[in-house]
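Next come the chains, spelled out residue by residue.
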Amino acid sequence: MLTNILITITLLLITAFVLSRVFTLPRNIWILFISQPLVMSASPIIVFIGGILSSKMANDPSLATLPITLMILGVAAGSIPAAMLAKNKGRKFAVYTGLSCSLIAVIVALFSAKLALFELFCFASMLIGIGGAFTQQLRFAAIESSLNKEDVPKILSILMLSGVFAAFLGPEVAVAGKDWLNSPYGYAGSFLFLAALILCAMIMMLAFKNPPVSANETIGEPRELKVIAKQPIFLIAVCTATIGYALMSYLMTATPISMHHMQGHSLQETKWVIQSHIAAMYIPSLFTPWLVKYLKLKGLMLIGISIYAVVALIALSGHEVMHYWWALILLGIGWNFLFLTGTSLLPESYHASERHKVQATNDFVLFGFQAVASLLAGWVLFNAGWHWVVITSLPFILVLFTVVGFYHKHQKKLTLNMLKTN
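A count of helical and extended segments in the protein chain gives 18 helices and 0 strands. Principal-axis analysis of the C-alpha atoms gives the protein chain an extent of 70 × 45 × 40 Å. In the protein chain, which comprises 422 residues, the share counted as buried stands at 59%. Partitioning the contacts of the protein chain with sequence separation of at least 6, the portion at a separation of at least 24 is 84%.

Structure (structure tokens):
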């Protein structure tokens, strides 16, 4: 296991070096590329072992997904403070606040596993989420580090690609450190290992510099949030990312429990499926800059929604490992396309002086809905079974198809207005 972790970190460094030679981008991008996966590993660890560990510690097994839900609620709760802190104190100060919160959270999680206290583990998961809110907003720090708006999809793709390393690091760290420390149900040592990774990220972020402040940021009176929120492009961006993220979380959260706890698949098989899924969430970022160039964001969005529909069909067809594997692989790819589309469209809805409050609102809505989805996943799974988890996702896939139709009409209207103006 340690060998796999060393190989992953080596590949992370090599990838950063190669990409920095291919793409001419600010140094901040590459610092974020390397440090982000180390702290992002917390989320795959909670997703992978949170339900399994909680099902043993909790009195009611249907609460097994509660820590995952609380982690996502923590992200939602921390989104607005993270954005406001970045606005008032700068991105670097906000980043270190988030990393410090993550480190404290991981130490609390260690003691909760050591003492087998479900309530304490839930608290630790929420703290991990609050720290994760700051990590999630690193994508905005990356966007702001470049003054060229045309580089936004490229920067997002590169930063999202680093998530593939978190996909492998997280579960590997969970398994490698499982028995490092004595604990009733294991995994206390996993959080000790994770704490070391977060400390490494904190050291690397010393080289990060606050993005330059745009000259337009202090020009003009910022609009009220309700005015911004009424714009079609804002609604399209938020709906695309939010529904795409919530559906992904809904199915992903239920998968480890359905596989390992209900269907009896091994821990190694469950780990493989979750690792493959999280890798599939980020590996497409190697190609999305070119896909955006040729298909545009609307085409990428339509493909992502269509992939979600295929996921539902595969997930309904059986309970074998390969059914889960293919469904979760495609779920990750679809999420990548939808999240990149929504995040790329969001800057079109705000002026420079409005960016922090719009970014905060976007993340609050996104992760709030994701939290609800993850909590419902456990309840539906234990009360109705895996098939109903999948069936109840179908109406939201139809809503996404409606959103892409709305986006098509919006673009058509903008084009007609431009032609009339000229």
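Okay, back to it.
What follows deals with the environment of Ser125. Positionally, Ser125 belongs in helix α6 (residues 118-136). Residue classification places Ser125 among the buried positions, given a relative accessible area of 0%. Separated by 58 residues in the primary sequence, Ser125 and Pro67 place their C-alpha atoms 5.5 Å from one another. With residues up to four places along the chain from it excluded, the contact list for Ser125 reads Ile46, Pro67, Leu70 and Met71. In this structure the side chain of Ser125 is engaged in a polar contact, spanning 2.9 Å, whose partner is the backbone oxygen of Phe121.

Next up on the list: the packing of helix α12 (residues 232-262) against helix α13 (residues 267-282). If you want to describe how two helices pack, look at the angle between their axes and the distance between the axes. At a minimum axis distance of 9 Å, the contact between α12 and α13 shows a crossing angle of 165°. Relative to α13, the element α12 is oriented roughly antiparallel. In the crossing of α12 with α13, the sense of the turn from one axis to the other is right-handed. The segment α12 lies against α13, with Met248, Met252, Thr255, Pro256, Met259 and His260 engaging Leu267, Glu269, Thr270, Val273, Ile274, His277 and Met281. For the contact of α12 with α13, the residue count by class is 8 nonpolar, 4 polar and 1 charged.

Moving on: the environment of Leu247. Its location among the elements puts Leu247 in helix α12. Here Leu247 is in contact with Tyr308, Ser393, Phe396, Ile397 and Leu400, once residues within four sequence places are set aside.

This part takes up the confidence of the model for the protein chain. On average, residues of the protein chain carry a pLDDT of 86, and 96% of them reach 70 or more. Looking over the protein chain, one finds the lowest element-wise mean pLDDT in helix α3 (residues 42-57), namely 80, and the highest in helix α17 (residues 386-391), namely 93.

With that out of the way, let us pick up the packing of helix α9 (residues 163-176) against helix α10 (residues 188-204). Following both chains from N to C, one finds α9 and α10 inclined at 135°, their axes separated by 7 Å at the closest point. Considering their axes alone, α9 and α10 lie oblique with respect to each other. Seen along the crossing, α9 lies across α10 with a hand that is right-handed. Touching Val173, Ala174 and Ala176 of α9 are Ser190, Phe193, Leu194 and Leu197, all from α10.

Time to look at helix α2 (residues 27-40). Between the first and last C-alpha of α2 there are 20 Å, a value that for 14 residues agrees with the 20 Å anticipated at 1.5 Å per step. Along α2, the sharpest kink reaches roughly 25°, centred on Ile34 and followed within four residues by the proline Pro37. Across the 14 residues that make up α2, a large majority, 13, are buried.

Turning to unusual backbone geometry, a few remarks are in order. One non-glycine residue, Ala116, lies in the positive phi region at around 55°. A residue is classified by how much of its surface remains accessible, and Ala116, at 23% relative accessible area, is partly exposed.

Turning to the packing of aromatic side chains, a few remarks are in order. For any pair of aromatic rings, the description rests on two quantities: the centre-to-centre distance and the angle between the ring planes. Inspection of every chain in the model, using the stated rule, returns 13 aromatic pairs. Relative to Phe193, the ring of Trp180 has its centre 4.9 Å away and its plane inclined at 15°; by these criteria the two rings are stacked. Of this pair, Trp180 sits in the loop between α9 and α10 while Phe193 sits in helix α10, placing them 13 residues apart in sequence. Exposure remark for Phe193: the relative accessible area of 12% places this residue in the buried category. Seen in terms of ring centroids, Tyr282 and Trp335 are 5.5 Å apart; in terms of plane orientation they differ by 75°. Their pairing is edge-to-face.

A few words on a nonpolar patch on the surface. Residues Ile7, Leu11, Ile14, Phe17, Val18 and Val22 make up a contiguous nonpolar surface patch of about 550 Å² in total accessible area. Positionally, Phe17 belongs in helix α1 (residues 2-22).

Parameters at a glance
- Residues numbered from 1 in each chain as written.
- Predicted model: local features only at pLDDT ≥ 70, side-chain atom pairs only at ≥ 80, totals over all residues.
- Heavy atoms only, no water.
- Helix = DSSP H or I, 4+ residues; strand = E, 2+ residues; numbered from the N terminus.
- Buried < 20%, exposed > 50% of the residue type's maximum accessible area, 1.4 Å probe, protein only.
- Contact = heavy atoms within 4.5 Å.
- Polar contact = N/O pair within 3.5 Å; in protein donor to acceptor, adjacent residues only side chain to side chain.
- Axes fitted to C-alpha atoms, helices over the stretch in contact; angles between N-to-C directions.
- Parallel < 35°, antiparallel > 145°, perpendicular 65-115°, else oblique.
- Left-handed = near helix turned anticlockwise from the far one by under 90°.
- Nonpolar A, V, L, I, M, F, W, Y, C, P; charged D, E, K, R; others polar.
- pLDDT = per-residue confidence, 0-100.
- Expected span 1.5 Å × (residues − 1).
- Bend = angle between axes of the 7 residues up to and from the residue.
- Phe/Tyr/Trp six-rings, centres within 6.5 Å; stacked < 30°, edge-to-face > 60°.
- Patch = residues over 30% accessible without salt bridge, like charges linked within 9 Å, V, L, I, M, F, W, Y side chains within 5 Å.
- Areas by Shrake-Rupley, 256 points an atom, 1.4 Å probe, with all protein chains shown as cover.
- Salt bridge = Lys/Arg side-chain N within 4 Å of Asp/Glu carboxyl O.

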